[in-house]
Every structure is written in structure tokens, then in C-alpha cells.
Amino acid sequence: MRRVTKLAAAVTTTAALALTATACGESSTDSAGKKDKGVGLAFDVGGRDDHSFNEAAARGVDKAEKELGVKSKEMTAGNDETEADREQRLTSLAEAGYNPVIGVGFDYGKSINKVAEKFPKTTFGVVDSPSKQKNVAGLVFAEHEASYLAGVAAAKKTKTKKVGFIGGVNNALIQKFEAGFAQGVKDTDPKVKVTSQYLYPTNTKGFNDPAAAKAKAKGMLDADNDVIYSAAGQSGVGSIEVISKKKGTWAIGVDSDQYQQPGLAKYKDAILTSAVKNVDVAVYDLVKSVKDGKPMDGTTSFDLKEDGVSLATSGGFIDDIQKDIDKAKKEIVDGKIKVADSPKK
């Protein structure tokens, strides 16, 4: 039986095992004669510097390098990739002796579980997709819960009673963001209209097309939406940029606390808050579990109750409505509010 655990129970500390490129002993991968080289990190489109999802995963590996002494290799997906492309990337990391091998993003779900079968002594991790193999750790998040809190903030801050949601790709994962946001808005103020639009139906370029997000956000601003939440990876930078140029409007960031991202510093005064996924914590915990000799497996859920997701307070722009945010959070944690994970039709 697959186990689903909470964040607090995700990692157990035991005697340390070597995981660096200079480690002694036999490799825990299936590549004969190769020593563990460290962490193999396969990014989604947009790469490390997307100021959002991938960058959060990178922070987890950066922390592991600093605190645990591990090495790492990073590879990045391109637009319009096939399953074969993703399988090849993951296979190359495993064959080279990296352990764990981590796929960052929903699109790695199928490929990582397939490749893991061929390397039973290597630990694999996949962000945003469940485990289907005994040597795969599925790291999933309650994006809809953090998005609900973002919806509460949007409903409280809008002056026009019109807010928008921009999704990168219209898939089940990004629909969770939309569903939580729309519910948070409507539960807070039923009079506020939510407009939801996607950059692409299926193409993962939706996470790597700032120009498309910029155009979409401009259209929403022209229609008097004054708070816009973008769940679109690097594409979201485009919408944040456009919003920052119109006085009296707000952007809501995603995955990372985007107010704190150096690459977005010139736009930060327009970033109301961010719906944060602690991908960095999940990735670090996975790396540490392998180093400690007790690799995570099964599917671990990072939710609001365990602080696996949260709403950022940087900038102080939601200080005046913090009591409303805290009330909504408590009601979600206590089970009084059930947040939908798919949009209402």
C-alpha cells in the first residue's frame, strides 16, 4: 500500500551516508562502478531563473549543497517536449550516478515513474505528481488552499470588484490554483467578478512565455480588473511587469514569495502577496533523507495545516486584512472550509 504522509513526518534523521561526488563506497545507483555524484535536478520549462516554481526547487538544492555538502547537476526542459525527451534527461542523470534524481513539475510524473523502474537502487523525486514506484517520492502540494487565501486578499483589496486569474496551461494542476482563488474571492465577497483565462490549452510553453502573459494581463487591466493572480511560472513575470505600470492595480505572485525575488525587485511595490509552495523545503527534505540513508518514498502531501503552502506577507500590503487571512486559514485547517481542487463548471 502506498503511504501518504504529512510534512512533519516526511523525514527521519539517521546515520549519515555519503552523497557527494567524492563519497567513498559503492554507488547506490545502478551504474556499475560509479559513485554517487549528488543531486540530479531536472527543471521544468523556464529553468532555474523563472523567479517562481523552478527557482524554489533550486533553493532547496542550494541549501543542501551548503548544509549537507552535496554536489548537483541541473538540466532544463525545453518547449514542446515529448515524454521521450523527459525520459532521456532523467535516464542520463541516473546513469551518471546522481542520487536522488528529481523532476520539477507535473509533466515529469509519468516519465519519472517509468525511468525509476530501470534504476531500483536510485531514489527519484517528482514535484507535483504522485509516486507510483517504491523508489519514487511524490511531493504534492495543496495549491488550492494557498490560492484560496490569495482570493480572500484579492476580494478585500479590489476597488473595481473585478479580479483576474491567468493560468499558464489549462491542465488539472493549474486548475487547482484557479479553483481555490475563485472560491476564496466568492466566499469573501460574492459581488466580486472573477475572470479566468489561460495562455495555452496544453502546450507547456505557457510557463515560458512572458509576452503572452503580458498581453493577457493588459486585456484584463483594460477591462477594469485591478487584482490579477498569475499561476504561470516564468510567464507570470510578464503579467507582473504590465500590472506594475498601472497605478492602483495589484499582482499576486505564485510558488515563491515573488516580492523577495531579486529579478523582480523593480516591480515589487505592485506585488500584493504571493501564494507560496514550499518546494524548497520538500526538495531539501528529500535530499537529506537520501543522505541520511532513509530515502523518502510514497506520496508526501504538503498542505496549509503543515505550512507546506502559505500566503506571503512581504511588503506589508496585506497587514490591514491579516485578520481575515488568518480566519480563513484557521477555518481551512479546522475543516470548516473545504477548498475545491477543480473549477466550478
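Residues numbered from 1 in each chain as written. Predicted model: local features only at pLDDT ≥ 70, side-chain atom pairs only at ≥ 80, totals over all residues. Heavy atoms only, no water.

- Under the annotation held in an unreviewed UniProt entry, the chain carries the name Lipoprotein and is attributed to Streptomyces daqingensis.
- Annotation of the chain in UniProt includes, under Sequence similarities (unreviewed entry), the sentence "Belongs to the BMP lipoprotein family."
- In its Subcellular location (unreviewed entry) section, the UniProt record describing the chain reads: "Cell membrane". (UniProt positions renumbered as here; feature names shortened; annotations may be inferred.)

1. Thoughts on the packing of helix 6 (residues 210–222) against helix 7 (residues 236–244)
At step 1: As a packed pair, helix 6 and helix 7 sit with axes 6 Å apart at the nearest point and diverge in direction by 40 degrees. Comparing their axes, helix 7 and helix 6 come out oblique. Seen from above, helix 6 lies across helix 7 with right-handed handedness. Side by side, helix 6 and helix 7 meet where Pro 210, Ala 213, Lys 214, Ala 217, Lys 218 and Leu 221 of the first sit next to Gly 238, Ser 239, Glu 241, Val 242 and Ile 243 of the second.
At step 2: Residue classes in the contact of helix 6 with helix 7 are distributed as six nonpolar, two polar and three charged. (Axes fitted to C-alpha atoms, helices over the stretch in contact; angles between N-to-C directions. Helix = DSSP H or I, 4+ residues; strand = E, 2+ residues; numbered from the N terminus. Parallel < 35°, antiparallel > 145°, perpendicular 65-115°, else oblique. Left-handed = near helix turned anticlockwise from the far one by under 90°. Contact = heavy atoms within 4.5 Å. Nonpolar A, V, L, I, M, F, W, Y, C, P; charged D, E, K, R; others polar.)

2. Here's the deal with the packing of helix 2 (residues 83–95) against helix 3 (residues 109–118)
At step 1: One can describe the packing of helix 2 onto helix 3 by two numbers: an axis separation of 9 Å at closest approach and a directional angle of 45 degrees. In terms of their interaxial angle, helix 2 and helix 3 are classed as oblique. Viewed along their axes, helix 2 and helix 3 form a crossing whose handedness is right-handed. The residues of helix 3 that touch helix 2, namely those facing Glu 83, Arg 86, Glu 87, Leu 90 and Thr 91, are Lys 110, Ser 111, Ile 112, Lys 114 and Val 115.
At step 2: Looking at the contact of helix 2 with helix 3 residue by residue, the classes come out as three nonpolar, two polar and five charged.

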